[in-house]
Protein chains: 2
Amino acid sequence: MTVNSSEYKSKRQWSEIISLINSARRFVFSTHADPDGDGLGSELALARWLKKQGKTVDILNPTPMNGIYRFMDPSGEITDFKVEKHQPVMDAADVFVVFDIGDFKRLNSVGEAMLRTDKPRVSIDHHPGDKHQFTHIMDDASACASGILVYDLIREMGGSDFTKEIAEPIYAAIVNDTGNFRFNNTNSEAHAIAMDLLRSGVEPYPIYMNIYEQTSRGRVELLKYTLENLKFSTNGELAWSVLTQENLDTADASVDDLTGLSDFMRSIKGVEIACSVVALNGDPVKVSLRSKGKYTVNDVAGSFGGGGHNFAAGAQIEGPLDEALALIVNACLAKVGASTDVW
Amino acid sequence: MTVNSSEYKSKRQWSEIISLINSARRFVFSTHADPDGDGLGSELALARWLKKQGKTVDILNPTPMNGIYRFMDPSGEITDFKVEKHQPVMDAADVFVVFDIGDFKRLNSVGEAMLRTDKPRVSIDHHPGDKHQFTHIMDDASACASGILVYDLIREMGGSDFTKEIAEPIYAAIVNDTGNFRFNNTNSEAHAIAMDLLRSGVEPYPIYMNIYEQTSRGRVELLKYTLENLKFSTNGELAWSVLTQENLDTADASVDDLTGLSDFMRSIKGVEIACSVVALNGDPVKVSLRSKGKYTVNDVAGSFGGGGHNFAAGAQIEGPLDEALALIVNACLAKVGASTDVW
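Keep in mind it's a predicted model, so treat the numbers as computed, not measured. (Residues numbered from 1 in each chain as written. Chains lettered and ligands numbered in written order. Predicted model: local features only at pLDDT ≥ 70, side-chain atom pairs only at ≥ 80, totals over all residues.)

Colleague: Hey, could you run me through the relation of the copies chain A and chain B in this one?
Modeller: Both copies of the chain are tied together by a single rotation about an axis and a shift running along it. The two copies are related by a screw motion: chain A maps onto chain B through a turn of 180 degrees and a shift of 0.1 Å along the axis, at an RMSD of 0.1 Å. Classification of the inter-copy transformation places it as that of a two-fold axis. When C-alpha positions in chain A are compared against the rotation axis, the closest is assigned to histidine 191 of chain A, at 2.5 Å. Of the residues that chain A buries at the interface, 100% are likewise interface residues in chain B, meaning the two copies contact each other through the same surface. (Least-squares fit on C-alpha atoms with pLDDT ≥ 70 in both. Contact = placed C-beta atoms within 7 Å.)

Below, the structure written as structure tokens:
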């Protein structure tokens, strides 16, 4: 099951973008603010490949990367954009390429600097959306990650035998956006590409570990409070837990550290709906809902003006906490078909 | 990147086993005691495929499966072996096929019943080891799961276009033994096969969830105590936590619920070595060590008479707890190059 470079045939129409790349010498790459493993991996892989072809590539991002991704850029190929410093780089570039952007606004000042020139602007993205600010667009929502598109582009440009330093960021991009091949966006193409990347010497576990085994100390503390406050109802089908401002303060935790707590609660055996409730000073009570698939929860969130996906949704409910908690727990109890006065 | 059945060429030598299968009508399948997703998935996939070819297959396992795997067998194709009831089935079989066994002894009374006949006994396994009790052996430690070998066998027998009910157990087998494509045993072959199985309609997330998002209530309670007792040293590179008999009793938890706690501790940002210490009444103190890869831990375990893999190892140390704890924490501190009197 190997595919030689000469046999590779993309299902996508890259010809105009490839012509543009072939005609250019100097590139500026960017991705969305708060870049993730997919945006960063896409930038790094294509930059490393183009540099091997003798091109010049500057990667200028609108905001610094979260520390967990620093392992992807050990030699500092990625720079935080400063308009006063980098406008000359923008002016000298032949082509801009933007990865994983979703919405042009998420380029912040990088986008403004791009629009001050009349250079071609390429979007390579797996988020559907309005891309009218771009001159060349490769949008494919069937790709589980923008990194998939970068792999496809490099192959279509004749690249093969990816070196490890090109294979690794593409692999990290896929791992990042598929929950390490776990979510249902993982498709045959993702595995086909992973198959090829592992041949280049990529080791799966270090990349998984660097992205997913980096629980912050603040999150560990919040998990402890979540477990201490954990309640179950209706034979354990519903689980909920409350965190307060005091918990966050004592844990020395940030709002970012709240991520994943409802996912953890859903992972408990027997739990069908997990409900994380967070009451911070001065804010409405934040509710995060997760379902294993037996019940939808976006409708529950929707009844409080929130929304989301079928099995992962959220809402904000005006306090005080005890009233908001009663509302959301009762709504969840109704969802699982229980009497709403059992707790 | 598709491979037609007629083109498929296994790298393994299946011809004798295929001749044997083709010549037989009645099969008994089995796997090791306390069967896991790989053994069960291997049995189910090959049984479902052979039944479609008009063969008769009984799956008789030495012990019941853990409840988390019951999703794999919704219609009860797997039976717990009872010698008084099933010896006639064994006597009527033409061929026995055993999956994922490692050591014949793990067949318990199923193995004894097999040896009371002179039928051919086939081992399909990815664990190396002494297989002298088998007449036909396919041992391949390069396969990340026995399910890989079953896929390979079915393809080599001309099978293609796997139906979902055959693809799902093979996918579950791979997910089970690779930590969902996370461990370094995940190779190109695993992704190549996953690529093909997803084409048959396998949905990744439900299988992941059924195997990995089933944290028992007892384990949740033990995790809470682990977090409450968590200690760090040397800038967070070393983390350790102690659980006692009292914790297990209060949590209503079993020894099985201890699994994974040291893995969780290792997943904390900055932690390089995680050390879980469990003191149960009447037992030596049990130590479980995990490393992110910067330091080996099997040598640390070895210094107490234990062992394991480079980055996952364990040992037992005679109590009392406070003395055993001082010994293991000091050994870990020495490993990370710290003074041993900092805690």
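Colleague: Is there a simple way to explain the sheet that holds strand β9 (residues 273–279) of chain A in this structure?
Modeller: Adjacent strands of a sheet pair through backbone hydrogen bonds, lying either parallel or antiparallel. All names here are of chain A. Read across the sheet, 6 strands follow the order β7-β8-β9-β10-β12-β11 without closing on themselves; strand pairing throughout is mixed. If you trace the sheet from one side to the other, it starts and ends with β7 (231–233) and β11 (307–309), each paired once. Ignoring strand direction, the axes of neighbouring strands in this sheet form an average angle of 15 degrees. One ladder, built from 6 bridges, connects β9 with strand β10 (residues 285–291); its direction is antiparallel. Paired with valine 277 across the two strands is valine 287, which belongs to β10. The sheet contacts of helix α13 (residues 321–335) involve β7, β8 (238–244), β9, β10 and β12 (312–317), and relative to β9 the element is tilted by about 170 degrees. (Pairing = 2+ DSSP bridges. Helix = DSSP H or I, 4+ residues; strand = E, 2+ residues; numbered from the N terminus. Axes fitted to C-alpha atoms, helices over the stretch in contact; angles between N-to-C directions.)

Colleague: Could you clarify how one ought to interpret the packing of helix α3 (residues 83–92) of chain A against helix α4 (residues 108–115) of chain A in this entry?
Modeller: For any two helices packed against each other, one specifies the crossing angle of their axes together with the interaxial distance. Residue and element names in this part refer to chain A. Contact pair α3 / α4: the axes reach a minimum separation of 10 Å and the direction vectors enclose 40 degrees. One way to sum up the angle between α3 and α4 is to call them oblique. Between α3 and α4 lies a crossing of right-handed hand. Between α3, through Val83, Gln87 and Met90, and α4, the contact on the second element is made entirely by Ser109, Ala113 and Met114. Along the lines of polarity and charge, the residues of the contact of α3 with α4 split into 4 nonpolar, 2 polar and no charged. (Parallel < 35°, antiparallel > 145°, perpendicular 65-115°, else oblique. Left-handed = near helix turned anticlockwise from the far one by under 90°. Nonpolar A, V, L, I, M, F, W, Y, C, P; charged D, E, K, R; others polar.)

Colleague: For this particular structure, what's the right way to read the domain arrangement of chain A?
Modeller: Interfaces are frequently sized by the accessible area removed from exposure as the parts join. Split by domain assignment, chain A resolves into domain 1 (5–212) and domain 2 (217–335). Relative to domain 2 of chain A, the C-alpha centre of domain 1 of chain A lies at a distance of 34 Å. (Domains from an automatic or database assignment.)

Colleague: Explain the pairing of strand β4 (residues 95–99) of chain B to me, please; I cannot follow it from the model alone.
Modeller: It is a general feature of regular strands that their side chains alternate between the two faces of the sheet. All names here are of chain B. With 5 of 5 residues buried, β4 lies mostly within the body of the structure. Residues Val95, Val97 and Phe99 of β4 are buried on one face, and the alternating residues Phe96 and Val98, pointing to the opposite face, are buried as well. Taken together, the 5 bridges between strand β1 (residues 26–31) and β4 define a ladder with parallel strand orientation. Within β4, the position partnered with serine 30 by the bridge is valine 98. Direction of pairing for β4 relative to strand β5 (residues 121–125): parallel, over a ladder of 4 bridges. The residue bridging phenylalanine 96 from the neighbouring strand is arginine 121, located in β5. Chirality of the crossover, the property in question, places the unit of β4, helix α4 (residues 108–115) and β5 among those that are right-handed. (Buried ≥ 20, exposed ≤ 12 C-beta atoms within 10 Å, placed from the backbone. Right-handed = clockwise from strand over helix to strand, strands pointing away.)

Colleague: Quick question: what am I supposed to make of the pairing of β10 of chain A here?
Modeller: Residue and element names in this part refer to chain A. Across the 7 residues that make up β10, a large majority, 6, are buried. As defined by bridge partners, β10 adjoins β12 across 6 bridges and the pair is classed as antiparallel. Residue pairing across strands places leucine 289 opposite alanine 313, the latter belonging to β12.

Colleague: How do you make sense of the sheet that holds strand β3 (residues 78–80) of chain B when you look at a structure like this?
Modeller: Residues and elements named next belong to chain B. Strand order across the open sheet formed by 6 strands is β3-β2-β1-β4-β5-β6, with parallel pairing between neighbours. Across the chains shown, the open sheet's two edge strands, defined by having one partner strand only, are β3 and β6 (136–139). Across the sheet, the axes of successive neighbouring strands diverge by a mean angle of 25 degrees, strand direction being ignored. Here helix α1 (residues 15–23) sits on the sheet in contact with β4, β5 and β6, set at roughly 130 degrees to β6. Helix α2 (residues 37–52) contacts β1, β2 (56–61), β3, β4 and β5 of the sheet and is inclined by roughly 165 degrees relative to β1.

Colleague: Sorry if this is basic, but what is going on with the nonpolar core here?
Modeller: For soluble globular proteins, nonpolar side chains are generally found buried alongside one another. Of all hydrophobic cores here, the largest spans 128 residues; its most connected members are Ile170, Tyr171 and Ile174 of chain A together with Ile170, Tyr171 and Ile174 of chain B. Beyond its immediate sequence surroundings of up to four residues, isoleucine 174 of chain A is in contact with Cys144, Ala145, Gly147, Ile148, Ala190, Ile193 and Ala194 of chain A. With 84 residues, the next largest nonpolar core counts Val277 and Val297 of chain A together with Val220 and Ala253 of chain B among its residues. (Core = buried A, V, L, I, M, F, W, Y, C linked by C-beta atoms within 7 Å.)

Colleague: It is not clear to me how the interface of chain A and chain B should be interpreted in this structure. Could you clarify?
Modeller: Listed by partner, the interface residues are 38 residues for chain A and 38 residues for chain B. When contributions to the side of chain A that touches chain B are tallied by element, the ones reaching two or more residues are α7 (188–199), α8 (204–212) and α9 (217–228) of chain A. Take the side of chain A that touches chain B: its biggest share by element is 7 residues, from α7 of chain A. Here the side of chain A that touches chain B is composed, by residue class, of 17 nonpolar, 11 polar and 10 charged.

Colleague: I keep staring at unusual backbone geometry and nothing clicks. Help me out?
Modeller: Residue and element names in this part refer to chain A. Proline 320 follows glycine 319 through a cis peptide bond whose omega is 5 degrees. A positive phi angle is found at threonine 234, which is not glycine, with a value near 45 degrees. Relative to the assigned elements, threonine 234 resides in the loop between β7 and β8. Its identity as a non-glycine residue notwithstanding, aspartate 252 has a phi of 55 degrees, on the positive side. The class for aspartate 252 is exposed, based on 11 C-beta atoms found within 10 Å.

Colleague: Help me out: how do you make sense of helix α5 (residues 146–156) of chain B in this one?
Modeller: Residues and elements named next belong to chain B. Of all the 11 residues making up α5, 10 are buried; the element is thus mostly covered by neighbouring parts of the structure. Every buried residue of α5 is accounted for by Ser146, Gly147, Ile148, Leu149, Val150, Tyr151, Asp152, Leu153, Ile154 and Arg155. Close packing links the buried residues of α5 with α2, β4, β5, β6, α6 (164–177) and α7 (188–199). Positive phi appears at glycine 158, one or two residues downstream of α5, with a value of about 100 degrees.

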